[in-house]
Amino acid sequence: MTPGRTFAVLAALLLATLAGAGCNGKTGASSDGAASPARTVVIYTSADQPFAEPVLNAYQEKTGVDVRMVFDTEETKTTGLVNRLQAEVNNPRADVFWSSDPARGIAITRLGLAQPYDSANASSIPATFRDPERLWTGFAARARVFIVNKNLVPESETPKSVLAFLEPQWKGKAALANPIFGTTAFHSTALFVKWGDERAEKFFRDLKANGVQILDSNGAVKDQVAAGLIPWGLTDTDDANVAIQEGKPVRMVYPDQGAQGMGTPFMPNTVSLIKGAPHPEEAKKLIDYLLSPEVEAMLARSDSMNVPLHPGVETPPHVSAIDQLKFCEVDYEQVAARVQEVDRKLQKLLGL
Amino acid sequence: MRRLPVAAVLAAYAGLVLLPVLTPFLTLLDQPGSGAGPLWEPELHGPLLTNSLRLALTVAGGTVLLGIPLALLLYRTHLPLRSLWLGALLVPLLVPPYILGTGVLHLLSPRVAVGFTGAAVTMTVWLLPLALLFAGTGLRLVTRNQEEAALLETGWPGVFRHVTLPLALPHLLAGALFVFVLAVGEFGVPVLFQYRVYSGAIFTQFAAFYDFRQAVLTALPLVLVAVAAALAPQLLRGYRDREGAAEDPRTVSLGRAGLVGAGGVGVVALMMLAPLFQMGLGVGSVPALRSGLEQVWVPAFQTFGAAAAGAAAAVLLALGVAWVAVRRVRYGQWLVAAQLPLFAVPAVILGLGLIRLWNQPGWRGLVYVSPLILVLGYAARFVPLLVPLLAATYRQLPVELDEAAQLDGAGPLRILYHIHVPLLRPVLAAAGLLTFVLAVGEVPISMLVAPPGRAPLAVRFFTLITNAPAEQVAALAVVTTLLALMPVGAWLMLETKRVSDRGSD
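Rules of the game
Residues numbered from 1 in each chain as written. Chains lettered and ligands numbered in written order. Predicted model: local features only at pLDDT ≥ 70, side-chain atom pairs only at ≥ 80, totals over all residues. Heavy atoms only, no water. Helix = DSSP H or I, 4+ residues; strand = E, 2+ residues; numbered from the N terminus. Buried < 20%, exposed > 50% of the residue type's maximum accessible area, 1.4 Å probe, protein only. Contact = heavy atoms within 4.5 Å. Areas by Shrake-Rupley, 256 points an atom, 1.4 Å probe, with all protein chains shown as cover. Buried area = accessible area lost by both parts, 1.4 Å probe. Salt bridge = Lys/Arg side-chain N within 4 Å of Asp/Glu carboxyl O. Polar contact = N/O pair within 3.5 Å; in protein donor to acceptor, adjacent residues only side chain to side chain. Nonpolar A, V, L, I, M, F, W, Y, C, P; charged D, E, K, R; others polar. Core = buried A, V, L, I, M, F, W, Y, C linked by side-chain atoms within 4.5 Å. Expected span 1.5 Å × (residues − 1).

Chemist: Sorry if this is basic, but what is going on with the overall build of chain A here?
Modeler: Broken down by element type, chain A carries 11 helices and 10 strands. When the 352 residues of chain A are sorted by exposure, 60% land in the buried category. For chain A, long-range pairs separated by at least 24 residues make up 77% of all intrachain contacts whose partners lie at least 6 apart in sequence. Working note: accessible area of chain A is about 13100 Å², and carbon and sulfur atoms make up 53% of it.

Structural data, given as structure tokens:
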């Protein structure tokens, strides 16, 4: 075979494989056939794919819009979508950003990546979960919880407060995720905002001295507690509930619920319209859908166990309504403004 | 006119590899003093870099110590079932190291696994196949007549020790260096075992502080370590490139000792596959696996296509660069040496460089939103890995063949196509296979540039691993491994047939 013919064969192979790679691989159920190529919306989401994908597929089936999804990983596994959004700033590809925690959601607004949008469905969401400038809106909250191994910790000894991390009986026997990433970073910063810097720094120094294990993620906390490697740890409601649904010997505890307790942080999902979105009208409709009571009900019924922020949304019996729990009231903007500063303090303090 | 092919290769290399890797560093020049922190904080970075070097040196040393005897047995002897053992030993490279680490964590006691030990074991298991491939390639290209001359004086053990291994040294060193660079830049596995390493500091800048500029600056010490590692062989006394014959070397009959050798290799192979068995147990049942397959067959097809195209592109370009470095320019060894520092640049920085280059209006934007961006990403990432492998092999080809062809009027491209490529075919196939496997498991670049709705399998694994049903995740991991195993199996069958057709001693 001559070089020219070989080159032609190779080029044909390359084109064929690209054509195969270019097959439209929707990441979920196919549309109902009414999708028009012109009706497309691109959403980047850090919500866990098993929970977000059914919600987005339902929208796709209902409306016929082609929803192109980009999912994120747990924050300690890859650099994630915020960096992708930042890198694409001069030529945005995403229309909507759905964040599973307010830290990342507010981070993109601080990076100038969002534009205001006032959804009609946001009006009944409490103001504390909405940005006054309408750059982000919260919905379907998760809470910070303890996951406790039933075989290792009797009911009577179940930890009730984050201060349990400092108790001598739990020396080396508790865990939390890396406090400079994700929801744990948000929780850590909320403590700095609530307690003040001096008390919070002492708490984390004492936490380190008491041998609390710092694992790479909330999922790792869940896995190791469920496996009986660690008696208890701090994680999110979805992680704890997934372990319960899988039949692991664990229980879930909302910390700091007593009369003197400060409550547990609630972390709403947030949704933002990306500045320069290529499909702004479709993006707004998708945001309206995500902020609807219908979606909050779906997420409450899922293993994510999200707490609806709209009043009157029907939830399964094991999902508490927002007025049944004591949540740690914080200014989300204030927390988000201090996350990186607190991260640097904790990085040095804990040697991370 | 004769210089045109060289210019074309170098232009393609500059555009497809150098620019994406260097763009993030070049953009730092646009923003002098824009609030970046110190490049080096001794109290924070010093211990992290020490940990990284300790881990990387241990893994590199371990893979070489295990890889050389395994390569001798698998590539130069009649070891029973050697194709089977070779295939089994290559499997861990097909699996994202984080998955391997999860298996190791479950196999070993946490008291043993957590910390340095678990991280070192996992990364040795993951990277041993790479060292094995490099070593095997080197051992296969040794001069037959020099070994035969040595056989007049000594037996095969002496020949291997005094002739074969020294001649294979360039490949052995190249393998050790790449294992070192991969190990020093790895982040996910050390984090899993709570072992703090320097690459974590880079990652933290991205994922906790969203500080791209500081992240790129923090990566520079890692690149400098790779520069030092790349220069070491150039300064090594007695290190010389040797030219070899183009014939296959002899394979040695082991007799009854072959059974013992096969047993030993089998034990090593089983130990390396143990973490994967642990993972496979999570599949649960055939229906669970079937359900997992149904959900991923489209992404599997997409992944296969992009990885195959990326591997082909990477091998073609790396062949061109190796040809230029070895045959067409003076001081080409420095072009080869420069590949290691390029490979040391964290993949996430390369990914962000790809976005900045290709996410532009016009035709570049069309490329960016197509699967072609993944192909370009894989090529940019893996060409620096392949060039030293191909260059070391190129140096073994006798120059006399080129001279004879030139006397006959052949130009450089005809010599490349009609003489070099046929002689290099086995190495090119191995290089393509290696790149395909690495592309299937690649995550950082794919996370950043995969077009929406077209995430490759490895990315899907990481986006599902957190809270998807265990059977679904395990099924996805099994499918990814099988996908990468298909060309491995095909290659092994072809290799076995080729060696059988040529006969042996």
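Chemist: Help me understand the environment of A:Ala140, please; the structure alone is not making it clear to me.
Modeler: Residue and element names in this part refer to chain A. Looking at the secondary structure, you find Ala-140 in strand 5 (residues 137–149). The spacing of Ala-140 and Leu-299 is 159 residues in sequence and 6.9 Å in space, taken between C-alpha atoms. Leave out the neighbours within four places in its chain, and Ala-140 touches Met-267, Pro-268, Asn-269, Glu-296, Leu-299, Asn-306, Val-307 and Leu-309.

Chemist: Explain the interface of chain B and chain A here, please?
Modeler: How big an interface is tends to be reported as the loss of accessible area on association of its parts. Opposite the 57 residues of chain B that make contact, chain A presents 65 residues. Together, B:Phe209, B:Tyr210 and B:Asn467 form the three largest contributors to the area buried by chain B at its contact with chain A, with a combined 15%. The interface formed by chain B and chain A contains 0 salt bridges. Between the two partners, chain B and chain A, sit 9 residue pairs in polar contact (both at pLDDT 80 or more). For the side of chain B that touches chain A, the leading source of residues is helix 14 (residues 286–328) of chain B, giving 7 residues. Partitioned by chemical class, the residues of the side of chain B that touches chain A number 39 nonpolar, 13 polar and 5 charged.

Chemist: Is there a simple way to explain the nonpolar core in this structure?
Modeler: Most often, soluble globular proteins keep nonpolar side chains buried together rather than apart. Core analysis: the biggest nonpolar cluster contains 173 residues, and B:Leu55, B:Leu74 and B:Val449 have the highest contact counts within it. Core analysis: the next-biggest nonpolar cluster, separate from the first, contains 67 residues, A:Tyr59, A:Ala143, A:Val319 and A:Val330 among them.

Chemist: What is the right way to read helix 5 (residues 182–195) of chain A from this model?
Modeler: Because an α-helix packs 3.6 residues into every turn, residues spaced three or four apart end up facing the same way. Residue and element names in this part refer to chain A. Helix length check: helix 5, at 14 residues, gives a terminal C-alpha distance of 20 Å against a target of 20 Å (1.5 Å per residue), a fit within 8%. With respect to burial, helix 5 is a largely interior element, 12 of its 14 residues being buried. Gly-196, located one to two residues past helix 5, shows a positive phi value of around 95°.

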